[in-house]
Structures are given as C-alpha cells and as structure tokens.
Amino acid sequence: MNVPFLIAKRYFISKKKRNIINIISIISMVGVAVGTAALIIVLSVFNGLEDLIRSIYGSFDPDLKITSIEGKGFELNEDLITRIRKTPGVLLVTEVIEDNALLRYEDRQMVIKMKGVSPNFFAQNKIDSAVIEGNYQLQRGGNNYALIGRGVQYQLSIRATNAIVPMFLLYPKAKASLSLDPENTFREKPIMVGGVFVIERQYDDNYIFVPLDFARDLLAYGNKRTSLEVRVESKRELKTVEKRLEEVLGPKFEIKNSDEQHLSLLRAVKVEKMFVFITFAFILLIASLNIFFSLSMLVIDKKKDIAILASIGASPQVIRNIFLAEGAIVAFVGAFIGLALGLLVCWIQETFGLISMNMATALVEAYPVKMKLQDFLLTGLAIFIITLLVSIRPARAAAATEVRDNI
C-alpha cells in the first residue's frame, strides 16, 4: 500500500473545507491543462505543415537525385547509366538538363528555369495531375512542346490555346563575343506551349519543362547532364538504394533524397518547432509555479498532521513523498485533461477542418495537423520534470518540520 500517495490523494479530494489552497491547486491544474493542450495543438500544426511541404514538393521531386560534386554537369555515357539502371531497387532513371534561360513571347520576356527531361519523366512523378490547361506531353506528332507554370503564363500573358505564335528560348553562347546583335550572343529556339501546370508558387513562377533533346541543342550540352532523377521500387528501401548507388557511383557524385533536396526549408520548420516547444515549456513552468505556492501553503496548513505522522514513526522520506505525490497529482491530472483536450481538438481539425487559413493563396483550406506519439511523450516528460522542480522544495520543507513545535 502506497501510504504517501493515499494521504496526498485525500488532501487533493478533500471536501471538508474549500480554502485558498484548494483554489490555487485548481488554478494550477487548469493552467497545466491549458498549457499542455496548447503545446500539443501547436506541435501537431507544425507536423502538419512539415507533411504539407513534403506532399507539395513530392509531386515535383524525384525519390533520389544524382548530381555532380564538381561543376554544373557531368558526362553521361552508356556504361554509367547502365550501372545505375541495374542497381537493385532502381525502377526508373530520368535524364535532366536544367539551367536558366531567357524566355521571350511576343514583346515580353523573362528569365526562367528551363528543365529538359527525357520521355519517362512523367512516369515517376505526379506533375501530369497538376496540369490545368492543355496537355502534359512534351512531344506530339513529331513536334516539341513546353509545359509552363501558371506564374510564367501570367507574367508573359501567354495564351496556352494559341497554336500559331511560338515562344522563343534564348541561351548565351559559350564563346560569344561582345555584340549588340543577339544572334551573335545567344542561341535561340522556338517552341509551342503545350500545357500549363500549378504545383507551388516557387515552381509556377519560374519553371518550364521541355524535351531533353530540345534543351540539349539549345544549351549545346552534348552528352552532359545536370542531374539524373531516380525512382525506386519501394519507398521503404529508399535508404538502401541510396547506399547502393553511392557504392556504384563513387565520391564524384552526390545523391539526395526528397528531404535532403529541401533540407534548409525542413530544417527551418524543425527549428521553429523546437523553439515553440521550449517557449511553451516555459509557459508550463510559469503555470506550474502555482503548484509551488499551493504546496508551500499546504505544508504550513498541515504542520500538525506532519508532526503527528512523524511522532507515530513516519520517516522524513515518507513525509517528503506525500507532498511530492500531491504536486504530481495536481500536475498529472491537469496534464491528462490537457492531453485529452489537445487530442480532441487536433482530431476535430484533422477530420473536419473547422479552422480555415483564410488566405486566398493558401494551398489548403484548413490548417493541417498531424499528431505524433513522440510529441505526447515529450510533453509528458516536460511536465514530469517541471513538477519535480516545483515540488521538491516544499516537500523538503515538510520533511524538516519540527515535531515538538507543532504537536
């Protein structure tokens, strides 16, 4: 039988007299509950934002991206690409030539990011589902077509249904001499608009997709490629396939998974989440100070009880544990209520999306949330540490109470 816990429980649920100590204990419990619920909700929103970022870029990014450690591009030969394709776990390999180019349409122009891709590019991502006008196919009937972002279309006022007026892509010649004549400075190739896509503003405002041969001729790349994009057979084997490719390619190439391709953005979200956790942990600490005051007042109020317990043989450790248990009961009841409330709010938001972002440019209508077990465990651990910190001093004071002065 846990005597300290039973006595602490009696102090907590006693209905004989409701004094200021009980009121402070209730306030402490409410403060812990509100702080805990808020922490769970905010952490779940950050989890949702992290998943939203992954889902947005997942329609554009490959499972693995191979680039050269040195220089903008690398020479691609049949032996190299055969070794990559024969690597266990590799399903598709897409050749990519990507660089900045000048896009001109009628009398308007802008610098864009041109991405030339081999025909199997759309077999390993979901960009085809993001096409809102026209067709995603880059080669039809022997003709080349470009797939452009909605932002590019708006900035140049491009008519996607126009089958007469082409766009022109210009790229500086490698050894061009200074001249006012663009023909001596730039290579220029026309291409028709085949479709318009909407993924995310960063891509919509900057990217256009063209056939690999078109990009190779415009940039005069020959056998050079800026990257190879790999689709793996199973997402569960992603790390394994990445290690196999590292062994096949050697130290001259860099291989990145989807998260590593946006490492700075995801790291920023994680850092913000960490600072939010620290901030709310301090708020919980401030809310838990009421536990310190209520326990200190309870020690003063129960000095006679403490003296009686000591006189019948209760050790200082038992008395200390009574008040530690009292603080734990107040904190953990509040924490349980807060965790349950946070879980309920997150479930409602995840299921029904009641709280809207109220932004016309938002990618989703409601705030995304995702609950993770580790957030609940970390929150519980934080409450345990805080409770121990605020309860230990009053508990020691109770254990040091003089018996003779209080009988």
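On a predicted model such as this, the values are computed, not experimentally measured, just so you know.

Colleague: How do you make sense of the pairing of strand β3 (residues 90-105) when you look at a structure like this?
Modeller: A regular strand places its side chains so that they alternate between the two faces of the sheet. A large share of β3 lies buried, amounting to twelve of its 16 residues. The sheet contact formed by β3 and strand β12 (residues 227-232) spans six bridges and is antiparallel. Residue pairing in the sheet places Val96 in a bridge with Ser227 of β12. Bridge count for β3 against strand β4 (residues 108-117) is ten bridges, and the pairing is antiparallel. Paired with Leu103 across the two strands is Met110, which belongs to β4. With antiparallel pairing between neighbouring strands as the criterion, β3 and β4 make up a hairpin whose turn holds two residues, including Glu106 at a positive phi of roughly 55°.

Colleague: When you look at the pattern of salt bridges in this model, what are you seeing that I'm missing?
Modeller: Pairing is possible between side chains of opposite charge, provided their charged atoms come close. Within the structure shown, the criterion is met by 19 salt bridges. The shortest N-O distance in the salt bridge between Asp79 and Arg83 comes to 3.3 Å. Taken together, the residues Asp79 and Arg83, both in helix α3 (residues 78-85) and four residues apart, mark about one turn of the helix. The partner of Arg108 in a salt bridge is Glu106, and the shortest N-O contact between them spans 3.0 Å. The class for Arg108 is partly exposed, based on a relative accessible area of 24%. Residue Glu106 is classed as partly exposed on the basis of its relative accessible area of 39%.

Colleague: In this structure, what is going on with unusual backbone geometry? I would like to understand it.
Modeller: Among all residues save glycine, negative phi is the norm, and among peptide bonds the norm is trans. One non-glycine residue, Ser157, lies in the positive phi region at around 50°. Relative to the assigned elements, Ser157 resides in the loop between α4 (150-156) and β8 (167-172).

Cut-offs and rules
Residues numbered from 1 in each chain as written. Predicted model: local features only at pLDDT ≥ 70, side-chain atom pairs only at ≥ 80, totals over all residues. Heavy atoms only, no water. Buried < 20%, exposed > 50% of the residue type's maximum accessible area, 1.4 Å probe, protein only. Helix = DSSP H or I, 4+ residues; strand = E, 2+ residues; numbered from the N terminus. Pairing = 2+ DSSP bridges. Salt bridge = Lys/Arg side-chain N within 4 Å of Asp/Glu carboxyl O.

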